[in-house]
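Geometric and topological summary
Given next are the chains, with one letter for each unit.
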Amino acid sequence: MTHTLDVSIQAADGTSQAASFKTRRMYNFGSATRDPSTAVAHQKEVAKSGIHIAFDIPAPRIYPIALHALTTDDDLFVQTDRTSGEVEIVLHMADRLYVGVGSDHTDRAMETVSIPGSKQACANHVAPVFWPYDEIRDAWDDCVMRSWVDGRLYQEVGVDAFIPPDDIIALLHERVKNVPERDFTIFCGTIVSVDKELGFGTEWKYEMEAPATGRSIGASYRVVDILSEVKPDFRVPFFNPRKEVTAQAG
């Protein structure tokens, strides 16, 4: 099975060409910072919402993701009002390595029960423009990522906080079986928000800027809580309620 995204490949001179990226496997990395202490602030941030990291598993932690979760759509459907985006470096291996930016949108209610499950509950949004990594390699560490929710700045971080793309690829092959030679996509982890609190909202926007080249790529999407569209009296609870089962007399 493969998933296909229609994208643009933007060269260093600013010219673009259309391409179709096929993805056979997709992975999300967590706590993928060069300095492990850099990830602590985000770990504390999510802990406030009852989300606890599996510290007994060596960082960066790897979450395989189902292919249907990769999208460039304008609307992103969710099932609760407790979801939030996370701006992340996105790598795609095709004929060569490409870099882009995306948002690992995560269900925070589900995350209190299962981090891998929460990664499947929402789509991973990706901007449909990528750069060939070898054309930006020398200026890579100058790139900056940002995200906004409902118009306010939510995250801002240099890519130099995260493990370099070549090392991410090496770690993936070291820790995961059956990685394809090509046609796989990786979301490379996130960092704490500017106010150190998880943010919730409807309108999400994110970007990656390369100041050395004057270029940027990014996208936006709208969150739609489809469960709220069911009238309250007919809405199935997101979490199964615990109810006493009374045996009926025969």
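Residues numbered from 1 in each chain as written. Predicted model: local features only at pLDDT ≥ 70, side-chain atom pairs only at ≥ 80, totals over all residues. Heavy atoms only, no water.

Focus: the pairing of strand 6 (residues 75–78)
So the rule is basically this: Any residue under 20% of the maximum accessible area for its type is buried, any over 50% is exposed, and the rest in between are partly exposed; the area is computed with a 1.4 Å probe on protein chains only. To qualify as a helix, a DSSP run of H or I must reach at least 4 residues; to qualify as a strand, a run of E must reach at least 2; elements of each kind are numbered from the N terminus. Pairing between strands requires that DSSP locate at least two bridges from one strand to the other.
Every second residue of strand 6 is oriented toward a common face, the buried set being L76 and V78 and the non-buried set D75 and F77. Bridge count between strand 6 and strand 17 (residues 215–225): 4 bridges; the pairing is parallel. Pairing of L76 across the sheet is with V223, part of strand 17.

Looking at the sheet that holds strand 6
Our working rule: Between the N-to-C directions of two axes lies an angle of 0 to 180 degrees, each axis being a line fitted to C-alpha atoms and, for a helix, fitted only over the stretch in contact.
Pairing is mixed across the open sheet formed by 5 strands, whose spatial order is 6-17-16-13-14. The sheet is open, and its two borders are formed by strand 6 and strand 14 (152–158), each paired with just one other strand. Each strand of the sheet is rotated relative to its neighbour by a mean of 20°, with strand direction disregarded.

Here's the deal with the pairing of strand 9 (residues 97–104)
If a strand is regular, its side chains alternate between the two faces of the sheet. Along strand 9, 8 of the 8 residues are buried, which leaves the element largely enclosed by surrounding structure. Along strand 9, one buried face is formed by L97, V99, V101 and S103 and the opposite face, lined by Y98, G100, G102 and D104, is buried too. Bridge analysis of strand 8 (residues 87–93) against strand 9 gives 7 bridges, and the strand direction is antiparallel. Directly across from H92, in strand 9, lies its bridge partner Y98. Hairpin connection of strand 8 to strand 9: 3 residues between the antiparallel strands. Relative to strand 12 (residues 129–132), strand 9 is paired through 2 bridges, and the arrangement is antiparallel. Of the residues in strand 12, the one forming a bridge with Y98 is P132. With 3 bridges joining them, strand 9 and strand 11 (residues 124–126) adopt antiparallel strand pairing. Bridged to G102 within strand 11 is V126.

Quick word on the pattern of salt bridges
What counts, and what does not: Salt bridges are counted wherever a side-chain nitrogen of Lys or Arg sits within 4 Å of a carboxyl oxygen of Asp or Glu.
Scanning the model with the defined rule gives 15 salt bridges in all. A salt bridge links R146 to E156, with the shortest nitrogen-to-oxygen separation between them at 2.8 Å. A residue pair is termed long-range when its members are at least 10 positions apart, and R146 in strand 13 (residues 144–149) and E156 in strand 14 qualify at 10 residues. E156 gets classed as partly exposed once you look at its relative accessible area, which sits at 41%. The partner of E207 in a salt bridge is R146, with the nearest N and O atoms 2.8 Å apart. One end of the pair, E207, is in strand 16 (residues 203–210); the other, R146, is in strand 13, and 61 residues separate them in sequence. When its relative accessible area of 18% is taken as the criterion, E207 is described as buried. When salt bridges that share partners are traced, they join E86, D104, R108, E111 and K119 into one network.

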